[in-house]
Amino acid sequence: MISIKDLLLGQLAVEKGLVTQAQLSEVMKEQQDGKVDPNATVSPTNSKAARPLGTILLSKGMIKEQDLVALLEEQSRRLESVKTCQKMQKVEYLFGQLLVKYNLATMLQINKCLEIQLKMAEKGVTPIPRLGELLVEHGFVDKKTVADVLKMQDKDVLFCTGCGRQYNVVGLEEGKAYKCKECGGVMLKRALLESLKADETTFGFEMPTEER
Ligand SMILES: [Zn+2]
């Protein structure tokens, strides 16, 4: 298995013109075959652990140390952006489900757009377009439908920013803070979520993180 970290790092090295796609494929193949480093001290219990791609590129002289430092920095920025995107998608998914429920879009179309969002996050695009925008852009749904469904979703529904559950709240009070019954996450209205763009400085800020 190639880790997402290595995939990203390799993609970045190609983007920056440090290696060609062909060179990268070659090195990754070697990495998977485990024939890359004759000097590696591989313990029998640990024989499946592949060396990090960055280390391999460095030891082969394909990149310099300062390249690796820059690549690793960009890699962690993008991993962060992927994480943020995945959190955002918990909510986007519910919006998608609603479209499917009313036969306004297919699950295939929703999944395609969610996949595009993730790809964009991997490429470091900010902010990530919302699912509604992407569905319109691809001609799957028209603008009015997106607006209507968002409005419908916003009425008395709160979304948990932690686990993505949605709740119908009877007699919703404006300005009152609601917490998720399941995970204790902060509950927000759709409109609030909409105003938060998918970069870590704004969207991530509202998110209770499981990792920390
Ligand atoms: Zn929750």
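Here the structure is a predicted model, which is why all the values come from computation and not from measurement.

Colleague: Tell me about the pairing of strand β1 (residues 157-160), and name the residues and values.
Modeller: Going residue by residue along β1, you find Val157 and Phe159 tucked away on one face and Leu158 and Cys160 tucked away on the opposite face as well. When β1 meets strand β2 (residues 166-168), the two strands line up antiparallel, connected through 3 bridges. By the bridge assignment for β2, Phe159 is matched with Gln166. Here β1 hands over to β2 after 5 residues, with Gly164 in that stretch at a positive phi of 85°. Sheet topology places β1 next to strand β4 (residues 186-189); 3 bridges connect them, and they run antiparallel. Across the sheet, residue Cys160 finds its bridge partner in β4, namely Met187.

Colleague: I'd like to hear about the sheet that holds β1, residue by residue, with values.
Modeller: Taken together, the 4 strands give an open sheet; going across it, the order is β2-β1-β4-β3, and neighbouring strands pair in antiparallel fashion. Each edge of the open sheet is held by one strand with a lone partner, namely β2 and β3 (178-179). As paired strands, β3 and β4 are joined by 2 bridges and run antiparallel to one another. Pairing of Tyr178 across the sheet is with Met187, part of β4.

Colleague: Outline the packing of helix α4 (residues 65-101) against helix α5 (residues 107-122), supporting the account with residue identities and numerical values.
Modeller: Between α4 and α5, whose axes approach to 9 Å, the crossing angle comes to 165°. Relative to α5, α4 is oriented roughly antiparallel. When you trace α4 past α5, the crossing you get is right-handed. Residues Arg78, Ser81, Val82, Cys85, Gln86, Met88, Gln89, Glu92, Tyr93, Gly96, Leu99 and Val100 of α4 form the contact with α5, whose participating residues are Met107, Ile110, Leu114, Gln117, Leu118, Ala121 and Glu122.

Colleague: Explain the nonpolar core to me, and be specific about the residues and the numbers.
Modeller: One finds Phe95, Leu99, Ile110, Leu131 and Leu135 to be the most contacted residues of the largest nonpolar core, which totals 14 residues. Those elements that provide at least two residues to this core are α4, α5, α6 (131-137) and α7 (143-154). For Leu99, the residues in contact, after removing those within four places along its chain, are Leu104, Ala105, Ile110, Leu135, Thr145 and Val149. Ranked by size, the runner-up nonpolar core spans 13 residues in total, among them Leu9, Val19, Leu53 and Leu71.

Colleague: An account of helix α2 (residues 21-33) is requested, with residue identities and associated values reported.
Modeller: Taking 1.5 Å of rise per residue, the 13 residues of α2 would be expected to cover 18 Å, and the 18 Å separating its terminal C-alpha atoms lies within 8% of that figure. Every buried residue of α2 is listed here: Leu24, Val27, Met28 and Gln31. The buried residues of α2 all sit within an arc of 100° when viewed along its axis, so they share a single face. Among the exposed residues of α2, those oriented more than 90 degrees off its buried face are Ala22 and Lys29. In the core, the buried residues of α2 are packed alongside α1 (4-15) and α3 (53-59).

Calculation notes
- Residues numbered from 1 in each chain as written.
- Predicted model: local features only at pLDDT ≥ 70, side-chain atom pairs only at ≥ 80, totals over all residues.
- Heavy atoms only, no water.
- Buried < 20%, exposed > 50% of the residue type's maximum accessible area, 1.4 Å probe, protein only.
- Helix = DSSP H or I, 4+ residues; strand = E, 2+ residues; numbered from the N terminus.
- Pairing = 2+ DSSP bridges.
- Axes fitted to C-alpha atoms, helices over the stretch in contact; angles between N-to-C directions.
- Parallel < 35°, antiparallel > 145°, perpendicular 65-115°, else oblique.
- Left-handed = near helix turned anticlockwise from the far one by under 90°.
- Contact = heavy atoms within 4.5 Å.
- Core = buried A, V, L, I, M, F, W, Y, C linked by side-chain atoms within 4.5 Å.
- Expected span 1.5 Å × (residues − 1).
- Arc of directions from axis to C-beta.

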